[in-house]
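# Examination of the molecular architecture
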Amino acid sequence: MSGHVEPPEGGNKKIALLIAVLALLLALAEIGGKQAQNEAIAKNIDASNLWSFFQAKTIRGTVVRTAAEAMEVEIAGTTDEATRRRLQTRVDGWKATIARYESEPETNEGRKELMARAKKTEQERDDYKARDENFEIASGMLQIGIVVASASIITGVGLLALVGGGLGVAAIGFM
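Residues numbered from 1 in each chain as written. Predicted model: local features only at pLDDT ≥ 70, side-chain atom pairs only at ≥ 80, totals over all residues. Heavy atoms only, no water.

## What about the confidence of the model for the protein chain?
- Per-residue pLDDT for the protein chain has a mean of 92; in total, 94% of the residues score no lower than 70.
- The secondary structure element of the protein chain with the lowest average pLDDT is helix 4 (residues 158-174), at 92, and the one with the highest is helix 3 (residues 111-155), at 96. (pLDDT = per-residue confidence, 0-100. Helix = DSSP H or I, 4+ residues; strand = E, 2+ residues; numbered from the N terminus.)

## Focus: the packing of helix 1 (residues 11-76) against helix 3
- At a minimum axis separation of 7 Å, helix 1 and helix 3 run at an interaxial angle of 160 degrees. Judged by the angle between their axes, helix 1 and helix 3 are roughly antiparallel. Regarding helix 1 and helix 3, the two cross each other, and that crossing is left-handed. (Axes fitted to C-alpha atoms, helices over the stretch in contact; angles between N-to-C directions. Parallel < 35°, antiparallel > 145°, perpendicular 65-115°, else oblique. Left-handed = near helix turned anticlockwise from the far one by under 90°.)

## What about the packing of helix 1 against helix 4?
- Where helix 1 contacts helix 4, the axes come no closer than 10 Å and their chain directions differ by 25 degrees. Here helix 4 runs roughly parallel to helix 1, going by the angle between their axes. Helix 1 and helix 4 meet at a crossing whose hand is left-handed. Where helix 1 abuts helix 4, its residues Ile15, Leu18, Leu22 and Leu25 lie against Ala161, Gly164, Gly165, Gly168 and Ile172. (Contact = heavy atoms within 4.5 Å.)

## Describing the pattern of salt bridges
- Within this structure, the stated rule accounts for seven salt bridges.
- Between lysine 95 and glutamate 72 there is a salt bridge, with its nearest N and O atoms 2.6 Å apart. Of this pair, lysine 95 sits in helix 2 (residues 81-102) while glutamate 72 is found in helix 1, placing the two residues 23 residues apart along the sequence.
- Using a relative accessible area of 29% as the deciding quantity, one classes glutamate 72 as partly exposed.
- As a salt-bridge pair, lysine 120 and glutamate 124 come within 3.3 Å of each other at their nearest N and O atoms. Separated by four residues within a single helix, lysine 120 and glutamate 124 lie in helix 3, roughly one turn from each other.
- Its relative accessible area of 54% is what places lysine 120 among the exposed residues.
- One network of salt bridges, in which partners are shared, links Lys43, Lys120 and Glu124. (Salt bridge = Lys/Arg side-chain N within 4 Å of Asp/Glu carboxyl O. Buried < 20%, exposed > 50% of the residue type's maximum accessible area, 1.4 Å probe, protein only.)

Written out as structure tokens, the structure reads:
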């Protein structure tokens, strides 16, 4: 026996139906993969924006911190008490701004919160990339399944139709 098995009566119709189902699954896999790819790109942009905002807060904080330190040096050299109080009030305001840049839970836009949001968005991006890869694998398996099932019609080897169906089942697992 060479593995050549004649399909049963109406077998070609069943194989054609199998091919149609595999093609439908392929279309769904392609849609799912494209959607996952688009989401991964959007999350990558979001993460990049959040890290840019984080960097901007860092730069602003550094500039304000430097100004406060410079003014503290100026305060130390000032003998006029009214001037000292006025400068100290400004330094205290800048220090409050620095603290707000570091953590601002009310708006979720302090450096600490931005870092957490950016890392979460990066994880979501990576999850969508992994989904896209799974859909790509499923698409490949379905394409091979369609070819193998089609070959079973031409060759009359029923085992090829089973292999094509098995690839379809495996592809569903990846989707």
